[in-house]
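# Residue-level structural notes
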Amino acid sequence: MISAIVVRPAGLADTDDVRAVGLAAWPPTYTPLTGPDYVRWALANWWSVEATARGIAAGNVLAAEIDDRIVGMAGLGEKDGVPVLWKLYVLPETQRSGVGSALMAAVFERLRGQGADRLRLEYLDGNDRAAAFYRAHGFREIGRTTDPDHPDLPQDVWMEVAL
């Protein structure tokens, strides 16, 4: 029997556990799309202790737990005045167990409570599992961009959902 999934705001004491989700999820997800050098760069920049703690301290991170163990996380922010889901990751061994959907539901609830009417996100073209997950949660593609700092990477696919 699968235990209940609890989603809550992350606290600074959760920094190492939230970071562990990214460190575990990123390499198998992105190495086939970007190569190992970019993955190492991203882990060092976006998943450092400092970067993770900064997002948590700003109140932008939700943690998903099963049996008091953090197994997933969502990181929010904004771009051009629109809420953006910058990160949604689940430990590989707990993927496809409902953790991602529980996180997404909590993100929607939180943003609706703040009066937001839409949510955007981006994923790398070729990440078909992410694309299917987001489409299943109502997102639709609104555009594509190329990262000027990494023009050799697949395009960023931008999606949006009405809240």
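Shown above is the structure to which this text applies.
As the structure is a prediction and not an experimental result, all values here were calculated from the model.

## So, the sheet that holds strand S2 (residues 61-66)
- Spatial strand order, S1-S2-S3-S4-S5-S7-S6: seven strands in an open sheet with mixed pairing. Both edges of this open sheet fall to strand S1 (5-9) and strand S6 (140-145), since each of them pairs with a single strand only. Ignoring which end each strand starts from, the neighbouring axes of this sheet average 30° apart.
- Looking at chain direction, strand S3 (residues 69-79) and strand S4 (residues 82-90) are connected through eight bridges and run antiparallel. Residue alanine 74 lies in a different strand from S4, and its bridge partner there is leucine 88.
- Packed on one face of the sheet, helix H4 (residues 99-113) meets S1, S2, S3, S4, strand S5 (118-124) and strand S7 (156-162) and runs near 160° to S4.
- Contacting S4, S5 and S7, helix H5 (residues 128-136) crosses the sheet at an angle of about 165° to S5.

## Observations regarding the nonpolar core
- Grouped together as the largest cluster of nonpolar side chains are 46 residues, with contacts concentrated most on Trp26, Leu85, Leu119, Tyr134 and Phe139.
- The element contributing the most residues to this core is H4, with seven residues.
- Leaving out residues up to four positions away in the same chain, phenylalanine 139 has contacts with Met104, Phe108, Leu119, Leu121, Tyr134, Met159, Glu160 and Val161.

## Describing the packing of helix H1 (residues 15-34) against helix H2 (residues 36-46)
- Where H1 contacts H2, the two axes come as close as 8 Å, and the packing angle between them is 145°. As for the relative orientation of H1 and H2, their crossing is right-handed in sense. Residues Gly22, Leu23, Trp26, Pro27, Tyr30, Thr31 and Thr34 of H1 form the contact with H2, whose participating residues are Pro36, Tyr38, Val39, Ala42, Leu43 and Trp46.
- Residue composition of the contact of H1 with H2, grouped by class: 10 nonpolar, three polar and no charged.

## Some remarks on the pattern of salt bridges
- Going through the model one piece at a time under the given rule, you end up with nine salt bridges.
- Here arginine 69 ties to glutamate 93 by a salt bridge, and the two come within 2.9 Å at their closest N and O atoms. With arginine 69 in strand S3 and glutamate 93 in the loop between S4 and H4, the pair connects residues that are 24 residues apart, well separated along the chain.
- Relative accessible area serves as the criterion here: at 43%, arginine 69 is assigned to the partly exposed category.

## So, helix H3 (residues 49-57)
- Turning to H3, its buried residues number three or more, namely Ala51, Thr52 and Ile56. Viewed along the axis of H3, the buried residues span an arc of 135°, placing them on a single side of the element. Away from its buried face by more than 90 degrees, H3 exposes Glu50, Arg54 and Ala57.
- Residues of H3 that are buried sit in contact with H1, H2 and S2.
- Remark: glycine 59 follows H3 within two positions and exhibits a positive phi of approximately 80°.

Rules and cut-offs
- Residues numbered from 1 in each chain as written.
- Predicted model: local features only at pLDDT ≥ 70, side-chain atom pairs only at ≥ 80, totals over all residues.
- Heavy atoms only, no water.
- Pairing = 2+ DSSP bridges.
- Helix = DSSP H or I, 4+ residues; strand = E, 2+ residues; numbered from the N terminus.
- Axes fitted to C-alpha atoms, helices over the stretch in contact; angles between N-to-C directions.
- Contact = heavy atoms within 4.5 Å.
- Core = buried A, V, L, I, M, F, W, Y, C linked by side-chain atoms within 4.5 Å.
- Buried < 20%, exposed > 50% of the residue type's maximum accessible area, 1.4 Å probe, protein only.
- Left-handed = near helix turned anticlockwise from the far one by under 90°.
- Nonpolar A, V, L, I, M, F, W, Y, C, P; charged D, E, K, R; others polar.
- Salt bridge = Lys/Arg side-chain N within 4 Å of Asp/Glu carboxyl O.
- Arc of directions from axis to C-beta.

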